[in-house]
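# Observations on the three-dimensional arrangement
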Amino acid sequence: KNVVCEQEPKNQKIKWIILCSIVLGISLLIIGVLAFSRKILQFEYDNTDMTATVVEKQPTFRVTGDVEIPSHVNRLGKVYTVTKIGDNAFKDAYSVAHVTIPSSISYIGSNAFSNCSSLTTIIIPNSVRDLSSCAFAKCIGLTSVTIGKNIQYISSFAFSECVSLDSIYYTGTIKQWERIIKGGFWVDKVPADVIHCVDGDVELRR
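Residues numbered from 1 in each chain as written. Predicted model: local features only at pLDDT ≥ 70, side-chain atom pairs only at ≥ 80, totals over all residues. Heavy atoms only, no water.

### Some points on the overall build of the chain
As a reminder of what qualifies: Here a helix means four or more residues in a row that DSSP labels H or I, a strand means two or more in a row labelled E, and each is numbered from the N terminus. Between buried and exposed lies partly exposed: a residue is buried under 20% and exposed over 50% of the maximum accessible area for its type, with that area taken using a 1.4 Å probe on protein chains only. Every residue pair with non-hydrogen atoms within 4.5 Å of one another is taken to be in contact.
Along the backbone of the chain there are two helices and 15 strands. Relative to its 206 residues, the chain shows a buried fraction of 37%. If you take every contact in the chain between residues at least 6 apart in sequence, the share linking residues at least 24 apart comes to 45%.

Below you can see the structure in the form of C-alpha coordinates.
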(Lines give C-alpha, C1' and ligand atoms only; values in the text may rest on other atoms or scores of the structure.)
Protein backbone atom coordinates (compact mmCIF):
# COMPACT_ATOMS: atom_id res chain seq x y z
CA LYS A 1 0.00 0.00 0.00
CA ASN A 2 2.83 2.38 0.81
CA VAL A 3 4.34 1.71 -2.59
CA VAL A 4 1.05 2.52 -4.31
CA CYS A 5 0.65 5.71 -2.30
CA GLU A 6 4.12 6.91 -3.22
CA GLN A 7 3.75 5.94 -6.90
CA GLU A 8 0.54 7.91 -7.43
CA PRO A 9 2.02 11.41 -7.01
CA LYS A 10 5.07 10.41 -9.07
CA ASN A 11 2.84 9.43 -12.00
CA GLN A 12 0.89 12.64 -11.56
CA LYS A 13 4.14 14.63 -11.66
CA ILE A 14 5.16 12.92 -14.91
CA LYS A 15 1.77 13.76 -16.41
CA TRP A 16 2.22 17.41 -15.46
CA ILE A 17 5.71 17.49 -16.98
CA ILE A 18 4.40 16.02 -20.23
CA LEU A 19 1.45 18.44 -20.28
CA CYS A 20 3.70 21.46 -19.63
CA SER A 21 6.07 20.32 -22.38
CA ILE A 22 3.19 20.09 -24.85
CA VAL A 23 1.86 23.54 -23.88
CA LEU A 24 5.36 25.04 -24.13
CA GLY A 25 5.88 23.45 -27.53
CA ILE A 26 2.59 24.77 -28.86
CA SER A 27 3.34 28.26 -27.47
CA LEU A 28 6.75 28.35 -29.15
CA LEU A 29 5.18 27.19 -32.41
CA ILE A 30 2.55 29.96 -32.27
CA ILE A 31 5.18 32.58 -31.47
CA GLY A 32 7.28 31.33 -34.36
CA VAL A 33 4.38 31.48 -36.80
CA LEU A 34 3.45 35.00 -35.68
CA ALA A 35 7.03 36.16 -35.95
CA PHE A 36 7.28 34.69 -39.44
CA SER A 37 3.95 36.18 -40.51
CA ARG A 38 4.90 39.75 -39.61
CA LYS A 39 6.75 41.66 -42.24
CA ILE A 40 9.90 43.52 -41.27
CA LEU A 41 10.06 46.66 -43.37
CA GLN A 42 12.61 46.52 -46.12
CA PHE A 43 14.43 49.58 -47.40
CA GLU A 44 16.44 50.67 -50.39
CA TYR A 45 19.24 53.08 -49.51
CA ASP A 46 20.66 56.05 -51.40
CA ASN A 47 24.10 57.07 -50.17
CA THR A 48 24.22 60.23 -52.28
CA ASP A 49 21.66 62.04 -50.15
CA MET A 50 21.38 59.57 -47.25
CA THR A 51 17.73 58.76 -47.89
CA ALA A 52 15.81 55.50 -47.78
CA THR A 53 12.74 54.16 -49.57
CA VAL A 54 10.32 51.58 -48.18
CA VAL A 55 10.26 48.83 -50.81
CA GLU A 56 8.15 45.80 -51.53
CA LYS A 57 8.95 42.57 -49.73
CA GLN A 58 6.99 39.46 -50.57
CA PRO A 59 4.66 38.14 -49.43
CA THR A 60 3.05 41.42 -48.40
CA PHE A 61 -0.23 39.73 -47.46
CA ARG A 62 1.46 38.48 -44.28
CA VAL A 63 1.71 42.02 -42.91
CA THR A 64 -0.78 42.33 -40.06
CA GLY A 65 -2.01 44.80 -37.46
CA ASP A 66 -0.49 48.26 -37.13
CA VAL A 67 2.43 49.44 -39.24
CA GLU A 68 4.56 52.38 -38.16
CA ILE A 69 6.94 53.62 -40.82
CA PRO A 70 10.02 55.18 -39.19
CA SER A 71 11.28 58.61 -40.19
CA HIS A 72 14.90 57.45 -39.92
CA VAL A 73 16.70 54.10 -40.14
CA ASN A 74 20.16 53.13 -39.01
CA ARG A 75 22.21 50.93 -41.31
CA LEU A 76 25.81 49.98 -40.63
CA GLY A 77 26.21 52.99 -38.37
CA LYS A 78 24.77 55.45 -40.91
CA VAL A 79 21.45 57.23 -40.42
CA TYR A 80 19.12 57.52 -43.41
CA THR A 81 15.98 59.65 -43.68
CA VAL A 82 12.98 57.72 -44.97
CA THR A 83 11.54 59.93 -47.72
CA LYS A 84 9.60 57.57 -49.99
CA ILE A 85 7.14 54.70 -49.89
CA GLY A 86 7.92 52.77 -53.04
CA ASP A 87 5.68 51.17 -55.65
CA ASN A 88 3.70 48.16 -54.35
CA ALA A 89 5.32 48.49 -50.91
CA PHE A 90 2.19 47.31 -49.07
CA LYS A 91 0.04 46.13 -51.96
CA ASP A 92 -2.42 43.37 -50.96
CA ALA A 93 -1.52 43.65 -47.26
CA TYR A 94 -5.20 43.07 -46.50
CA SER A 95 -4.71 42.52 -42.74
CA VAL A 96 -3.05 45.88 -42.05
CA ALA A 97 -5.39 47.82 -39.77
CA HIS A 98 -3.51 51.09 -39.37
CA VAL A 99 -0.50 52.80 -40.97
CA THR A 100 1.46 55.68 -39.49
CA ILE A 101 3.21 57.74 -42.18
CA PRO A 102 5.96 60.01 -40.79
CA SER A 103 6.45 63.65 -41.75
CA SER A 104 9.68 62.74 -43.54
CA ILE A 105 7.77 61.14 -46.43
CA SER A 106 7.44 63.23 -49.59
CA TYR A 107 6.40 60.58 -52.12
CA ILE A 108 3.95 57.64 -52.07
CA GLY A 109 4.40 55.28 -55.01
CA SER A 110 2.02 53.50 -57.36
CA ASN A 111 -0.13 50.83 -55.70
CA ALA A 112 1.75 51.49 -52.46
CA PHE A 113 -1.30 50.59 -50.35
CA SER A 114 -3.72 49.24 -52.94
CA ASN A 115 -6.08 46.52 -51.77
CA CYS A 116 -5.29 47.07 -48.08
CA SER A 117 -8.89 46.23 -47.33
CA SER A 118 -8.67 46.47 -43.52
CA LEU A 119 -7.46 50.08 -43.49
CA THR A 120 -10.18 52.38 -42.15
CA THR A 121 -8.42 55.73 -41.86
CA ILE A 122 -5.27 57.24 -43.31
CA ILE A 123 -3.46 60.51 -42.61
CA ILE A 124 -1.19 61.75 -45.38
CA PRO A 125 1.19 64.24 -43.73
CA ASN A 126 1.93 67.75 -45.00
CA SER A 127 5.34 66.59 -46.20
CA VAL A 128 3.86 64.47 -49.02
CA ARG A 129 3.97 66.23 -52.37
CA ASP A 130 3.27 63.43 -54.82
CA LEU A 131 0.63 60.71 -54.56
CA SER A 132 1.08 58.22 -57.41
CA SER A 133 -1.47 56.23 -59.38
CA CYS A 134 -3.61 53.71 -57.50
CA ALA A 135 -1.76 54.53 -54.27
CA PHE A 136 -4.81 53.60 -52.16
CA ALA A 137 -6.98 51.95 -54.80
CA LYS A 138 -9.44 49.25 -53.70
CA CYS A 139 -9.02 49.95 -49.98
CA ILE A 140 -12.64 48.94 -49.50
CA GLY A 141 -12.67 49.49 -45.73
CA LEU A 142 -11.30 53.02 -45.92
CA THR A 143 -13.82 55.54 -44.56
CA SER A 144 -11.74 58.64 -43.84
CA VAL A 145 -8.69 60.26 -45.46
CA THR A 146 -6.76 63.36 -44.45
CA ILE A 147 -4.59 64.90 -47.18
CA GLY A 148 -1.75 67.24 -46.25
CA LYS A 149 -1.76 70.82 -47.51
CA ASN A 150 1.53 70.63 -49.42
CA ILE A 151 0.49 67.95 -51.87
CA GLN A 152 1.02 69.07 -55.46
CA TYR A 153 -0.10 66.11 -57.53
CA ILE A 154 -2.70 63.38 -57.01
CA SER A 155 -2.37 60.85 -59.79
CA SER A 156 -5.06 58.88 -61.61
CA PHE A 157 -7.05 56.28 -59.65
CA ALA A 158 -5.28 57.25 -56.40
CA PHE A 159 -8.39 56.35 -54.35
CA SER A 160 -10.30 54.49 -57.01
CA GLU A 161 -12.85 51.93 -55.78
CA CYS A 162 -12.55 52.97 -52.14
CA VAL A 163 -16.25 52.23 -51.89
CA SER A 164 -16.60 53.21 -48.20
CA LEU A 165 -14.69 56.50 -48.39
CA ASP A 166 -17.22 59.14 -47.39
CA SER A 167 -14.97 61.68 -45.62
CA ILE A 168 -12.03 63.46 -47.28
CA TYR A 169 -10.24 66.18 -45.33
CA TYR A 170 -7.64 68.62 -46.66
CA THR A 171 -5.45 70.59 -44.26
CA GLY A 172 -5.17 73.58 -46.60
CA THR A 173 -7.62 76.15 -47.97
CA ILE A 174 -10.13 75.81 -50.81
CA LYS A 175 -7.88 77.98 -52.99
CA GLN A 176 -4.90 75.69 -52.32
CA TRP A 177 -7.00 72.64 -53.09
CA GLU A 178 -8.05 74.03 -56.46
CA ARG A 179 -4.39 74.46 -57.46
CA ILE A 180 -3.56 70.77 -56.97
CA ILE A 181 -3.13 68.77 -60.19
CA LYS A 182 -5.42 65.74 -60.11
CA GLY A 183 -5.36 62.80 -62.51
CA GLY A 184 -8.45 61.26 -64.06
CA PHE A 185 -10.73 59.07 -61.97
CA TRP A 186 -8.67 59.71 -58.85
CA VAL A 187 -11.82 59.17 -56.76
CA ASP A 188 -13.66 56.76 -59.05
CA LYS A 189 -16.50 54.93 -57.24
CA VAL A 190 -15.98 56.90 -54.02
CA PRO A 191 -19.16 57.97 -52.15
CA ALA A 192 -17.77 61.28 -50.81
CA ASP A 193 -19.12 64.34 -52.61
CA VAL A 194 -17.19 67.18 -50.92
CA ILE A 195 -13.67 67.96 -49.73
CA HIS A 196 -13.53 69.40 -46.21
CA CYS A 197 -10.96 72.21 -46.28
CA VAL A 198 -9.92 74.40 -43.34
CA ASP A 199 -12.03 77.30 -44.63
CA GLY A 200 -15.06 75.36 -45.84
CA ASP A 201 -16.22 72.58 -48.12
CA VAL A 202 -15.70 72.33 -51.85
CA GLU A 203 -17.50 70.08 -54.30
CA LEU A 204 -15.60 66.95 -55.21
CA ARG A 205 -14.94 67.04 -58.96
CA ARG A 206 -14.44 63.64 -60.47
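Once you've had a look at it, read on.
### Quick word on the environment of Ser 160
Topologically, Ser 160 is positioned in the loop between strand S11 (153-154) and strand S12 (167-170). The sequence separation of Ser 160 and Cys 134 amounts to 26 residues, and the corresponding C-alpha distance is 6.8 Å. Setting aside chain neighbours within four positions, we find Ser 160 in contact with Ala 137, Lys 138, Phe 185, Trp 186 and Asp 188.

### Concerning unusual backbone geometry
Positioned with a positive phi, Asn 111 is a non-glycine residue whose angle comes to about 55°. Mapped onto the secondary structure, Asn 111 falls in the loop between strand S7 (107-108) and strand S8 (121-124). Positioned with a positive phi, Lys 138 is a non-glycine residue whose angle comes to about 65°. Tracing the sequence through the fold places Lys 138 in the loop between strand S9 (130-131) and strand S10 (144-147). Relative accessible area serves as the criterion here: at 44%, Lys 138 is assigned to the partly exposed category.

### Details of the packing of aromatic side chains
Note the threshold: The aromatic pairing rule takes the rings of Phe, Tyr and Trp, using the six-membered ring of Trp, and pairs them if the centres are within 6.5 Å, calling planes under 30 degrees apart stacked, those over 60 edge-to-face and the rest tilted.
Considering all chains together, one arrives at nine aromatic pairs under this definition. Judged by centre distance (5.1 Å) and plane angle (5°), the ring pair of Phe 90 and Phe 113 falls under stacked. Placement of the pair is Phe 90 in the loop between strand S5 (78-85) and strand S6 (95-100) and Phe 113 in the loop between S7 and S8, with a sequence separation of 23 residues. Given a relative accessible area of 0%, Phe 113 falls into the buried group. Where Phe 157 meets Phe 185, the ring centres are 5.7 Å apart and the plane angle is 15°; that geometry is what we call stacked. Pair noted here: Phe 157 is in the loop between S11 and S12 and Phe 185 is in the loop between strand S13 (181-182) and strand S14 (194-197), with a separation of 28 residues, a long-range link.

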